[in-house]
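As a plain string of letters, each chain reads:
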Amino acid sequence: TAYVKTGDIPAEWLRDASAQVRPYLFYAKSDPQVAQLLRAMIARMGKYLQIDPYANAFTLDYRVWEQKFELDSLAYPITLAWTYWKETGDASIFTSDLSLGFDKALETMEREQDHAKNSSYTHKEIPQGGKGNPVHYTGMIWSGFRPSDDACTYNYLIPSEMMAVVALGELDEIERNVYHNLLKSHRAAALRDEVQTGIQTYGVVFTPNYGYVYAYEVDGLNHANLMDDANIPSLLSAPYIGYTKATSFIYANTRKFLLSKDNPTYYSGKLARGIGSPHANDGWVWPLAILMQGFTATTESEKQDVLNQLLNSDPGDHLLHESFNPDDPEKYSRVDFGWPNALFSEYVMTNFDGVPPL
């Protein structure tokens with residue numbers, strides 16, 4: 001197997017690691033060593049899912065580093081494996097061991113559709129004694145934490161639901177065409193349809209200034225959190241993760257809201273502007289979100305503007321960081337954070353070097 005450390009924290013996040021190796025997928029078909037590395041990494045993720053599908057991060061020796069249940073942590077390994085398969089045509093990654101990991105992911109998603117009734121998961125950082133605030137059954141999947149590792153306010157986290165819809169569609173195809181297990185294929189497809197219906201029924205909110213937009217979090221009880229978080233999946237990233245098109249009506253409205261001062265997590269300074277996160281330093285912007293603005297831009301001028309902001313924010317080490325002060329980029333968090341650097345590589349390759357997107 002292959003272990004991918006997040007950077008300056010001695011652990012592997014299922015989400016971060018999947019994102020950190022995305023640029024290598026461009027070379028997997030032509031370079032056997034790269035393909036071997038990716039196969040080894042996917043194999044390790046299959047083992048993580050079996051050890052604890054509620055954990056978001058693990059150590060080199062397979063211990064749970066954090067048991068924050070984040071729905072996207074179940075979706076990322078599925079999407080990584082599916083994308084590797086589609087890029088290379090190599091189905092050898094789909095071993096019986098990886099199948100057991102995917103089984104755990106699917107079972108956990110099904111269980112968490114009705115968290116109050118079926119789940120025993122709790123965490124000390126979640127309200128109401130670790131069980132979370134009340135929710136109404138919606139067909140969506142309960143998530144304890146956001147991709148930032150912060151606890152959810154309302155536990156149907158729409159960006160993660162969107163990513164689950166994509167991953168479940170991919171799992172449906174894997175189970176049907178590779179494992180030839182129609183029962184699991186149908187389960188994945190049915191869950192996908194229920195989550196998608198839940199998003200469209202409960203996750204879309206009318207706003208006076210922007211029309212219908214996607215909420216960041218909802219509870220099915222008429223409460224909605226209108227914001228975004230830089231960590232991916234985010235609402236801004238919906239086209240990037242394959243959920244919708246950048247030109248779709250509700251997404252375009254949502255994007256306009258997110259990149260405005262009406263979004264409480266949007267910050268602007270002398271050198272940069274973009275979405276931040278309640279996770280770190282109020283008022284600081286995150287390169288992850290600036291890059292997502294670039295990936296979802298529909299004009300060349302906006303794509304170039306994103307590149308210019310990132311180049312101008314270089315504090316001298318030629319690296320991107322977790323977040324930085326948009327007036328003074330020498331003030332930043334996380335000295336070594338692999339995710340935004342990988343994302344920047346992909347952004348330059350696909351938007352400026354003419355490399356076809358994954």
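Refer to the preceding data block for the structure.
All figures in this text were calculated on a predicted structure; none of them were measured in a lab. (Residues numbered from 1 in each chain as written. Predicted model: local features only at pLDDT ≥ 70, side-chain atom pairs only at ≥ 80, totals over all residues. Heavy atoms only, no water.)

**Here's the deal with the overall build of the chain**
Each helix and strand in the chain was counted, giving twelve helices and twelve strands. What you see for the chain is a C-alpha radius of gyration of 19 Å, in line with the 21 Å of a compact globule of 358 residues. Out of the 358 residues in the chain, the part that is buried amounts to 60%. For the chain, long-range pairs separated by at least 24 residues make up 63% of all intrachain contacts whose partners lie at least 6 apart in sequence. (Helix = DSSP H or I, 4+ residues; strand = E, 2+ residues; numbered from the N terminus. Rg over C-alpha atoms; globule rule 2.2 N^0.38 Å. Buried < 20%, exposed > 50% of the residue type's maximum accessible area, 1.4 Å probe, protein only. Contact = heavy atoms within 4.5 Å.)

**Notes on the pattern of salt bridges**
Within the structure shown, the criterion is met by 22 salt bridges. The residue lysine 68 makes a salt bridge to glutamate 125 at a minimum N-O spacing of 3.3 Å. Of the two residues, lysine 68 is situated in the loop between β3 (64-66) and α4 (71-88) and glutamate 125 in the loop between α6 (115-118) and β4 (156-157); the sequence distance between them amounts to 57 residues. On the basis of relative accessibility, which here comes to 41%, the residue glutamate 125 falls in the partly exposed class. In this structure, the salt-bridge partner of aspartate 305 is arginine 273, at a minimum N-O distance of 2.5 Å. In this pair, aspartate 305 sits in helix α11 (residues 300-312) while arginine 273 sits in strand β10 (residues 273-275), placing the two residues 32 residues apart along the sequence. A relative accessible area of 31% means that arginine 273 is categorised as partly exposed. Linked by salt bridges that have partners in common, Arg15, Asp16, Glu70, Asp72 and Asp149 make up one network. (Salt bridge = Lys/Arg side-chain N within 4 Å of Asp/Glu carboxyl O.)

**Looking at a nonpolar patch on the surface**
There is a patch of nonpolar side chains on the surface, built from Phe206, Tyr212 and Phe249 and spanning about 380 Å² of accessible area. Here phenylalanine 206 is to be found in strand β5 (residues 204-207). (Patch = residues over 30% accessible without salt bridge, like charges linked within 9 Å, V, L, I, M, F, W, Y side chains within 5 Å. Areas by Shrake-Rupley, 256 points an atom, 1.4 Å probe, with all protein chains shown as cover.)

**Comments concerning the nonpolar core**
Ranked by internal contacts, the top residues of the largest apolar core, which has 104 residues, are Phe94, Phe102, Met162, Ile199 and Tyr214. With ten residues, helix α7 (residues 158-177) is the single largest residue contributor to this core. With residues near it in sequence (within four places) discarded, phenylalanine 102 still touches Leu49, Pro77, Ile78, Ala81, Phe94, Leu171, Ile174 and Glu175. (Core = buried A, V, L, I, M, F, W, Y, C linked by side-chain atoms within 4.5 Å.)

**Re the environment of alanine 43**
Considering the arrangement of structural elements, one finds alanine 43 in helix α3 (residues 32-51). Considering only alpha carbons, one finds alanine 43 and alanine 2, 41 residues apart in sequence, at a separation of 8.0 Å.

**Some details on the pairing of β5**
The sheet contact formed by β5 and strand β6 (residues 211-214) spans four bridges and is antiparallel. For threonine 207, the partnering residue across the bridge sits in β6 and is glycine 211. Linking β5 back to β6 in an antiparallel pair, the connection comprises three residues. (Pairing = 2+ DSSP bridges.)

**A few points about the packing of α7 against helix α8 (residues 182-202)**
Look at α7 against α8: their axes get within 8 Å of each other, and the N-to-C directions meet at 160°. The angle between α7 and α8 places the two elements in the roughly antiparallel class. The handedness of the crossing between α7 and α8 comes out as left-handed. When α7 is examined against α8, the residues Ile158, Glu161, Met162, Val165, Leu168, Gly169, Leu171, Asp172, Glu175 and Arg176 are found in contact with a partner set consisting of Leu182, Lys184, Ser185, Ala188, Ala189, Leu191, Arg192, Val195, Gln196 and Ile199. Grouping the amino acids of the contact of α7 with α8 by side-chain chemistry returns eleven nonpolar, three polar and six charged. (Axes fitted to C-alpha atoms, helices over the stretch in contact; angles between N-to-C directions. Parallel < 35°, antiparallel > 145°, perpendicular 65-115°, else oblique. Left-handed = near helix turned anticlockwise from the far one by under 90°. Nonpolar A, V, L, I, M, F, W, Y, C, P; charged D, E, K, R; others polar.)

**Describing the sheet that holds β4**
With antiparallel pairing, three strands are arranged side by side in an open sheet as β4-β7-β8. Bordering the open sheet on either side are β4 and β8 (224-225), each of which pairs with just one other strand. Relative to β8, strand β7 (residues 217-218) runs antiparallel, the two being bridged by two bridges. Looking at the pairing, valine 218 lines up with alanine 224 of β8.

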